[in-house]
Each structure stands twice: as structure tokens, then as C-alpha cells.
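Chain and residue survey
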Amino acid sequence: MIVKQRSIPLIIRQEEVLERRLPKSHPKRPTIIKSLKMRKSGFWGEQELDYPLSFLPQDQYRVFHDVRLIETNKAFQIDTLILTDHQAIILEVKNISGIIEFDSTFDQLIRKLKGREERLPNPLAQLGRQRRQLANWFSSNNFLMPIKCFVVMTHPSCVLKASEINPHQHTITHVENLQQKIINLKAENISENTLPSNINKIILNSNTPLGPIDVLKKYGIHYDDLNKGVECPRCFMSPMKWTRRRWRCSGCYFFSSDAHLRTISDYFLLGYKTINNATLRELIQHNDQAVSKYFLSKMNLQTSGHKRSLLYHSPHTL
Ligand SMILES: [Zn+2]
């Protein structure tokens, strides 16, 4: 049973705003495009899990995608957590192409692709940390569970290689073998059932998704560098003009009464916690205080301050 679905990671949505709003000639644009490509590939890789996991008996496996828990003030994120009555399974997904070698001598991951060799972050080290943190989190919630881990390789052209007997060889699997690996774990298991009956609720209530980060600061981009204005939802041309209580696109002549909502959402996705009337006027390129006030008041955002210093709060921080 899938208890928690995955959604598009917020950082992808944040970088998409930068991709859309940075001028074509901006020097940081290639960095953003490269980062987005990698993140989207990672997200597609995670979706590759859905098919093999769909064959697990629904009543015996609880699946939680994209869970972020806090343990002694430190957050840890798990791509997929599976719970049975007797054990927990952590899946760390890697969507990497090429020949992948897990070198246990130096604990490193080497990728050979197109004649080049490069070292990538070792997912086994990451899994080890997640496992320790999850064990501590279980114990702080007063239950005990054996924890198994897998690195799941999802890229169709990934070839796994080991130069010697690798102590982690059973931890690393191609996605097509995952279902069988999980079923096999069941046979090994001997532990008592210690899982609370309300475990789904406990995990869902403890899930603490990360809010938007200051993505401009992360990439050293200035807010003034971004293109402003309301984008046309149909042809993406910007800026639309507000006329007769509607946004009008001068490119495709599309009309919209709420195209500004995406523009305001873009602003909050940059990581800003609040917006005021003046900032919105500049953002939507329409200098009418009453119109901006009307837009903001319709959004049911939390506010603070009053009159000229009235601030509307980001829905992400609520
Ligand atoms: Zn248009």
C-alpha cells in the first residue's frame, strides 16, 4: 500500500523559476540548466520504482516515498521507506548511466562513461547515515525495527561492476531485481512485530518537508537580474498586460483573469517569506496599488503589519 506518494521536489520547481525568468544571456543560466537536468533525471529514476513496488502484496508492505524526518535536531531524507510488520527497508535511488564500480577498498563510486572516469558521491555512505538516523528515530518513538537498505540503480544503461568480492554487493541492485530482493528479505526475517498500529499516522505527522531555500543566494543571482512580468499561460510570452480586469497576451491574444497567481507563486518559490504591495507592482509590471491589493487579498495569505507596511506571507511558511 502506498501510504505517501512522492511529489515533484520543491528545488526542481525553484530552479524551473530561475530557468524561465533568467535572461537567455545570463552567465548562471547554463549552471541552472545542468542542475535541473540532473535533478529531473533523479526524480524520473525514483518513478522507476513504482512498477516493481506495485507487485508487492498491498496488505504487507507500507510504502512511504520522499520522507524527511528529524532526529535530535538533524533532518534526514529517505527516497523511499518501506515498512512491513517486522522490518524497515530504505531505498536510495540512483539514476546514473555508464559502467558503475563500487570500490570497497577506498569506499568510492567510480563511473566510466564515454571514455571518461569520474568519482561520484558514494550512496553507501549516505545510506549508512540514513540507517543510523532512522534507527535512532525509531528508538526515540519507542519501537525497534531491523533496518535493511538498498541502493537501487534505475538507469537502463547502467552496468554494475565490482573488481573484487564487495561486502556491499547485496545492498546494490538494479531496479528490475528489486521486487525479488525485497521478497527475499521476508524469508530472512525473524524479529518480533514491534510496529505500532498507528505507524502510518506517526510517519505522516513526523514528515517535515523542507520549505523553499534561498535559491538566488545558492546560485549567486541577484533578484534584479530576473525577468519580471506575468507570463502567458498559453505561449509563455511575457509580460501580459492588465486591461479591463483581465491579463491580455500581445503574442497569442490569450486572455486570463488569474495569470498573476503563477507569477506570485514564482516569487515565493525564490524563497521569499513575504511580499508587499510595492514589490508585487514591480513584479507584475502593473503600477496600480488597488489592483495589487485586490490580487493579494484574494489569495487568503496570512498577513502581518498594516496599511503601508502590510506584508503577505508565503503559503510555504504556513
Ligand atoms: Zn500568449
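In this report, the structure presented in the accompanying data block is examined. Keep in mind that this is a model prediction, so the values were computed, not measured. (Residues numbered from 1 in each chain as written. Predicted model: local features only at pLDDT ≥ 70, side-chain atom pairs only at ≥ 80, totals over all residues. Heavy atoms only, no water.)

1. So, unusual backbone geometry
Here the amide bond leading from Ser 238 into Pro 239 is cis, since omega sits at 0°, within 30 degrees of zero. Here Pro 239 is to be found in the loop between helix 7 (215–219) and strand 11 (241–243). Positive phi, normally seen in glycine, also occurs at Thr 72, with a value near 35°. Non-glycine residue Asn 73 carries a positive phi angle of around 65°. Position of Asn 73 among the secondary structure elements: in the loop between strand 2 (62–71) and strand 3 (74–83). Accessibility expressed as a relative area gives 79% for Asn 73, which makes it exposed. (Helix = DSSP H or I, 4+ residues; strand = E, 2+ residues; numbered from the N terminus. Buried < 20%, exposed > 50% of the residue type's maximum accessible area, 1.4 Å probe, protein only.)

2. Some details on the coordination of the zinc ion
For the zinc ion, the full set of protein donor atoms is Cys 232 (SG), Cys 235 (SG), Cys 249 (SG) and Cys 252 (SG), at a range of 2.3 Å. Because the angles between the four donor atoms bound to the zinc ion fall within 103 to 114°, the donor set is best described as tetrahedral. Between consecutive donor residues of the zinc ion, the sequence gaps follow C-x2-C-x13-C-x2-C. Given a relative accessible area of 33%, Cys 235 falls into the partly exposed group. (Donors = N, O, S within 2.8 Å, 3.2 Å for Na, K, Ca; no water. Tetrahedral: all angles 85-135°; square planar, octahedral: opposite > 155°, others 65-115°.)

3. Section: the pairing of strand 2
Counting buried positions along strand 2 gives eight out of 10 residues, so the element sits mostly inside the fold. Relative to strand 2, strand 1 (residues 2–4) runs parallel, the two being bridged by two bridges. Considered in strand 2, the bridge of Ile 2 is made with Val 63. Sheet analysis places strand 2 next to strand 3, joined by nine bridges and oriented antiparallel. Looking at strand 3, one finds that Arg 68 is bridged to Gln 77. Joining the antiparallel neighbours strand 2 and strand 3 is a turn of two residues, in which Thr 72 adopts a positive phi near 35°. (Pairing = 2+ DSSP bridges.)

4. Remarks on the pattern of salt bridges
Oppositely charged side chains can pair when the atoms bearing their charge come close. A complete count under the given rule lists 12 salt bridges for this structure. Here Lys 94 and Glu 92 are joined by a salt bridge, their closest N and O atoms 3.2 Å apart. Of the residues examined, Glu 92 reaches a relative accessible area of 4% and is grouped as buried. Of the charged contacts in the structure, one is a salt bridge between Glu 231 and Arg 262, with a shortest N-O distance of 3.4 Å. (Salt bridge = Lys/Arg side-chain N within 4 Å of Asp/Glu carboxyl O.)

5. Here's the deal with helix 1 (residues 10–21)
Taking 1.5 Å of rise per residue, the 12 residues of helix 1 would be expected to cover 16 Å, and the 17 Å separating its terminal C-alpha atoms lies within 8% of that figure. Leu 10, Ile 11, Ile 12, Gln 14, Glu 15, Val 17, Leu 18 and Arg 21 are the residues of helix 1 that are buried. Along its buried surface, helix 1 packs onto helix 2 (29–47), helix 7 and helix 8 (260–269). (Expected span 1.5 Å × (residues − 1). Contact = heavy atoms within 4.5 Å.)

6. So, the environment of Trp 247
By the secondary structure assignment, Trp 247 is in strand 12 (residues 246–248). Note: C-alpha distance between Trp 247 and Ile 89 (158 residues apart in sequence) is 50 Å. Within the local environment of Trp 247, its side chain forms a polar contact with the side chain of His 260, the two groups lying 3.1 Å apart. (Polar contact = N/O pair within 3.5 Å; in protein donor to acceptor, adjacent residues only side chain to side chain.)

7. Describing helix 4 (residues 123–140)
Look at helix 4: 25 Å from first C-alpha to last across 18 residues, which is about the 26 Å you get at 1.5 Å a residue. When helix 4 is considered as a whole, its buried residues turn out to be Pro 123, Leu 124, Leu 127, Gln 130, Gln 133, Leu 134, Trp 137 and Phe 138. Just downstream of helix 4 lies Asn 142, where phi reads positive at about 65°.

8. Topic: the environment of Leu 269
For Leu 269, the position within the fold is in helix 8. Since its relative accessible area comes to 4%, Leu 269 is described here as buried. Put simply, Leu 269 and Thr 31 are 238 residues apart on the chain and 18 Å apart in space, counted from C-alpha to C-alpha. Beyond its immediate sequence surroundings of up to four residues, Leu 269 is in contact with Leu 10, Arg 13, Gln 14, Val 17, Pro 212, Val 215 and His 316.

9. Some points on the packing of helix 8 against helix 9 (residues 277–284)
One can describe the packing of helix 8 onto helix 9 by two numbers: an axis separation of 11 Å at closest approach and a directional angle of 115°. Our pair here, helix 8 against helix 9, has a crossing hand that is right-handed. Across the interface between the two elements, His 260, Thr 263, Ile 264 and Tyr 267 from helix 8 touch Thr 279, Leu 280, Leu 283 and Ile 284 from helix 9. When its residues are assigned to classes, the contact of helix 8 with helix 9 shows five nonpolar, three polar and no charged. (Axes fitted to C-alpha atoms, helices over the stretch in contact; angles between N-to-C directions. Left-handed = near helix turned anticlockwise from the far one by under 90°. Nonpolar A, V, L, I, M, F, W, Y, C, P; charged D, E, K, R; others polar.)

10. What to know about the packing of aromatic side chains
The full count for this structure, using the stated rule, is 12 aromatic pairs. Connected via pairs of aromatic rings, a cluster forms that spans Tyr 223, Tyr 267, Phe 268 and Tyr 272. A cation over an aromatic ring shows up here: Arg 245 above the ring of Tyr 294, its NZ or CZ 5.3 Å from the ring centre. We note Arg 246 situated over the ring of Phe 255; from NZ or CZ to the ring centre the distance is 3.9 Å. (Phe/Tyr/Trp six-rings, centres within 6.5 Å; stacked < 30°, edge-to-face > 60°. Lys NZ or Arg CZ within 6 Å of the ring centre and 35° of its normal.)

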